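Letter by letter, the chains look like this.
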Amino acid sequence: MAHSDVIKAQIQNQQQQRELRDALVEMNKSHLDLAVLLFPDFEQNFSVVDDLRLPDPLPGFVEVQAAATKNNPELRVALASLRQTDQEVKVAWTAMLPSVGLDYFYGIDANQFAVRDRNGFATWGTRRRRPATAYMELGSRLQQGQAGGFAAAAGACRVELRTTPAPGDLRSFYDEAEASRTQLESLAQTAELASDSLRLTTLRYQAGEATVLEVVDAQNTLTLARNAYDDGQVRFQVAFANLQTLTGSF
């Protein structure tokens, strides 16, 4: 039984050694790619520090949408065009409303401006009110056509706004970032539990209550949990970067 456990441990160790060499090759390739991006003279004398931590909660979607409207040129132009056409529609429909006016005349209808005429009669009795004149003008067919054209333009702007990549991507990018961050919290808790499990299994092995294979299994579980957490970090950072391409930094 002991010899069988040793053989199983050796097989697992060889497998992990192969995976370690593959990981080192990938790490060196990533190091070279990063050197190409950072330095014009292909300098490789630098080190990378893993300072990733659990990210802060994302702001609400309303705040993100406001930041996108402010910082994204494509979305800002689409919204500005929609507001312009809406105002033109309102002006055009206002011009179609009837115009109502009232002309009111008031004065003295007499040959002379005096209290009494030459014969001594009072002239105030001749003062009279002239009748008022009211009129109403209706919008022309040309104005009606302009209003219809502006309304069609506003509808086209709304369709363009809905089909613009920026507004559609904004919601999907936000949902992806929020989901990946929530998943990252779960992965961090799993990694902590796996680390604690390895500690307890090691104590049991030192007390003679567990086999070495249980220790190895606990180590493998911790490795998988940490790898899953790293993959979750990559997923979140990519989703967060995609979101900030529309909103800018926040």
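Residues numbered from 1 in each chain as written. Predicted model: local features only at pLDDT ≥ 70, side-chain atom pairs only at ≥ 80, totals over all residues. Heavy atoms only, no water.

**Re the overall build of the protein**
Now for step 1: Regarding its fold elements, the protein presents six helices and four strands.
Now for step 2: Ordered by position from N to C terminus, the α and β elements of the protein give α-α-α-β-β-β-β-α-α-α.
Now for step 3: Residues classed as buried in the protein amount to 22% of the 250 residues present.
Now for step 4: Just so you have it, the protein exposes about 18000 Å², and 56% of that area is on carbon and sulfur atoms. (Helix = DSSP H or I, 4+ residues; strand = E, 2+ residues; numbered from the N terminus. Buried < 20%, exposed > 50% of the residue type's maximum accessible area, 1.4 Å probe, protein only. Areas by Shrake-Rupley, 256 points an atom, 1.4 Å probe, with all protein chains shown as cover.)

**With respect to the confidence of the model for the protein**
Now for step 1: On average, residues of the protein carry a pLDDT of 76, and 67% of them reach 70 or more.
Now for step 2: Confidence drops under a pLDDT of 50 for residues 125-129, and excluding neighbours within four residues, the segment shows 11 contacts in the predicted structure.
Now for step 3: Note that pLDDT drops below 50 for residues 139-145; the model gives that stretch six contacts with residues more than four away or on any other chain. (pLDDT = per-residue confidence, 0-100. Contact = heavy atoms within 4.5 Å.)

**What to know about the nonpolar core**
Now for step 1: With 17 residues, the main nonpolar core has L58, V64, L170, Y174, A177, Y229 and L243 as its most contacted residues.
Now for step 2: Elements with a minimum of two residues in this core: α2 (61-71), α5 (165-206) and α6 (212-247).
Now for step 3: In this structure, L58 is in contact with Y174, A177, E178, R181, F240 and F250, ignoring residues within four places of it in sequence.
Now for step 4: In terms of nonpolar packing, the next biggest core, distinct from the first, is built from seven residues, A191, A194, A218 and L222 among them. (Core = buried A, V, L, I, M, F, W, Y, C linked by side-chain atoms within 4.5 Å.)

**Some remarks on the pattern of salt bridges**
Now for step 1: Under the criterion given, the structure shown has five salt bridges.
Now for step 2: The partner of R199 in a salt bridge is D196, with the nearest N and O atoms 2.7 Å apart. Of the two residues, R199 and D196 both sit in helix α5, three residues apart, roughly one turn of that helix.
Now for step 3: Relative accessible area serves as the criterion here: at 33%, D196 is assigned to the partly exposed category. (Salt bridge = Lys/Arg side-chain N within 4 Å of Asp/Glu carboxyl O.)

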